[in-house]
Amino acid sequence: MNLDRLPALWADLIRAPASLPVALAISASVLALGFFVYRLVFASLSRLAGATQTSLDDLLVRRMRLPARMLVALLAMHAFISLRGGELPMLHKGVLLLELALASYLAIEIAETLIIDYWLAERRKVQLPALVRHLLLTILYLVAGLSIVGAVTGVDLVPLLATSTVITVVLGLALQDTLGNLFAGLALHSERSFGVGDWILVDGVEGQVIYVGWRSTRLRTFSGDVVILPNSIIAKARVQNFCAPDRNCARNIEMLVALAASPEAVERAARRACAEVPEVLREPAPRLWLAAVTPLFQRYVIKFWIADFERHDLLESEVMKAFFRACRDEGVALSPATAQPALAVEIGPPAFAAGPAAGVAGAAGPAADPKAAPLVLPAIVVAPAAPPPGGHR
């Protein structure tokens, strides 16, 4: 049989309306043939999904089964309407429109999965940014939609949209912010300033990037809230990425020690504190430097590196607690008040049994234990108030 004559035979067949039983029989045959092809295609796709590492099974088999079944049913309905001589032309155009829309959807989704997910991601190890992917899909769906409407209605909408000044102005004004966010998102993706999973600080908001879209970027803060920032704001703001150029992140904590503390003892305490916390990295090694010396205390800065920024608060607390314990063992006082001069008052028997010149400990009390440790009182550093002029205290 010459297959080239099939279109002519079909045209001759639908030129004269077929009877209802013939139309039903042929449409049922088209439906059965369509479901046979459907099962054959999806069985092959299932085998392909099992042999690859991508999510072809989810994308092509599970997600596309319903559109493919609808397409087969629409093909059978299209055959029935054509055999009946084009009854209900509006219904005929509606069925044709749905057929082309479903066919375009399946074609674009299959191309997306095979090219982006399989060929680029799995074979070439190239991860296409989500924004670029969504932009390409939007363009493809827009072109397919305009082409389908033009093919069914006979009106070419692409030149109409391109040459209409009013529509162009209206769209430009309405999409001004949207286009700004879109191009800002493209710039962020091209520069690779951050990615999903990075911890960043932008516009006073600190959080982990959970989604980067064509319009906005979403951050999950330490409190579990989700903050949505437009890409145009991120493009203009100062962005600090705690996970770049690698996942290691440096943290600084300040500690105040007594003025009389030995720097060597403080250094030993800091080194011991960092060694006691397992999640503090050994390379680069922790550092300590003297930041300031005041009349009351010394201020030291301990710098160490961690591999998980999400735990930085907990790790800073662990290092400070370990430093406190190490300082106690090294005899280093942390309270700034201990850096002041002190008065040592010895508790013991009074120097005189009676009289106005009794000892500081009190002349009339019972004799204290001579072996008791001396009582250390902090010195009064505030100058006594001057007596009022012309008066007596």
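Refer to the structure presented above.
Residues numbered from 1 in each chain as written. Predicted model: local features only at pLDDT ≥ 70, side-chain atom pairs only at ≥ 80, totals over all residues. Heavy atoms only, no water.

(A) Spotlight on the overall build of the chain. Regarding its fold elements, the chain presents 12 helices and 10 strands. When burial is assessed residue by residue, the chain has 29% of its 393 residues classed as buried. Accessible area for the chain stands at about 24600 Å²; split by element, carbon and sulfur atoms hold 65% of it. (Helix = DSSP H or I, 4+ residues; strand = E, 2+ residues; numbered from the N terminus. Buried < 20%, exposed > 50% of the residue type's maximum accessible area, 1.4 Å probe, protein only. Areas by Shrake-Rupley, 256 points an atom, 1.4 Å probe, with all protein chains shown as cover.)

(B) Representation of helix α4 (residues 65-83) in the model. Between its first and last C-alpha, α4 extends 28 Å over 19 residues, near the 27 Å set by a 1.5 Å rise per residue. Turning to α4, its buried residues are P67, A68, L71, V72, L74, A76, H78, A79, I81, S82 and L83. (Expected span 1.5 Å × (residues − 1).)

(C) Representation of the environment of C274 in the model. Here C274 lies in helix α11 (residues 263-276). With a relative accessible area of 3%, C274 lands in the buried category. Sequence-wise, C274 and R287 are 13 residues apart; in three dimensions their C-alpha atoms are separated by 9.5 Å.

(D) Seen up close, the packing of aromatic side chains. Here the structure, examined in full by the defined rule, presents five aromatic pairs. On the basis of an interplanar angle of 15° and a centroid distance of 4.6 Å, the ring pair of W199 and F222 is categorised as stacked. With W199 in strand β1 (residues 199-202) and F222 in the loop between β3 (216-220) and β4 (226-230), this pair connects stretches of sequence that are 23 residues apart. For W199, a relative accessible area of 4% corresponds to the buried category. Owing to a relative accessible area of 35%, F222 belongs among the partly exposed residues under this scheme. Grouped by ring-pair contacts, the aromatic residues W199, F222, F242 and F309 constitute a single cluster. (Phe/Tyr/Trp six-rings, centres within 6.5 Å; stacked < 30°, edge-to-face > 60°.)

(E) Examining the sheet that holds strand β7 (residues 287-293) more closely. Read from one edge to the other, the open sheet built from three strands follows the order β6-β8-β7, with strand pairing classed as antiparallel. Looking at the sheet topology across the chains shown, the edges are occupied by β6 (249-258) and β7. With strand direction ignored, the average angle separating the axes of adjacent strands in the sheet is 25°. Both β7 and strand β8 (residues 297-306) contribute to a ladder of six bridges, which runs antiparallel. Residue pairing for β8: L290 is matched across the bridge by Y300. Each of β6 and β8 touches helix α12 (residues 312-330); the most contacted strand, β6, lies at about 30° to it. (Pairing = 2+ DSSP bridges. Axes fitted to C-alpha atoms, helices over the stretch in contact; angles between N-to-C directions. Contact = heavy atoms within 4.5 Å.)

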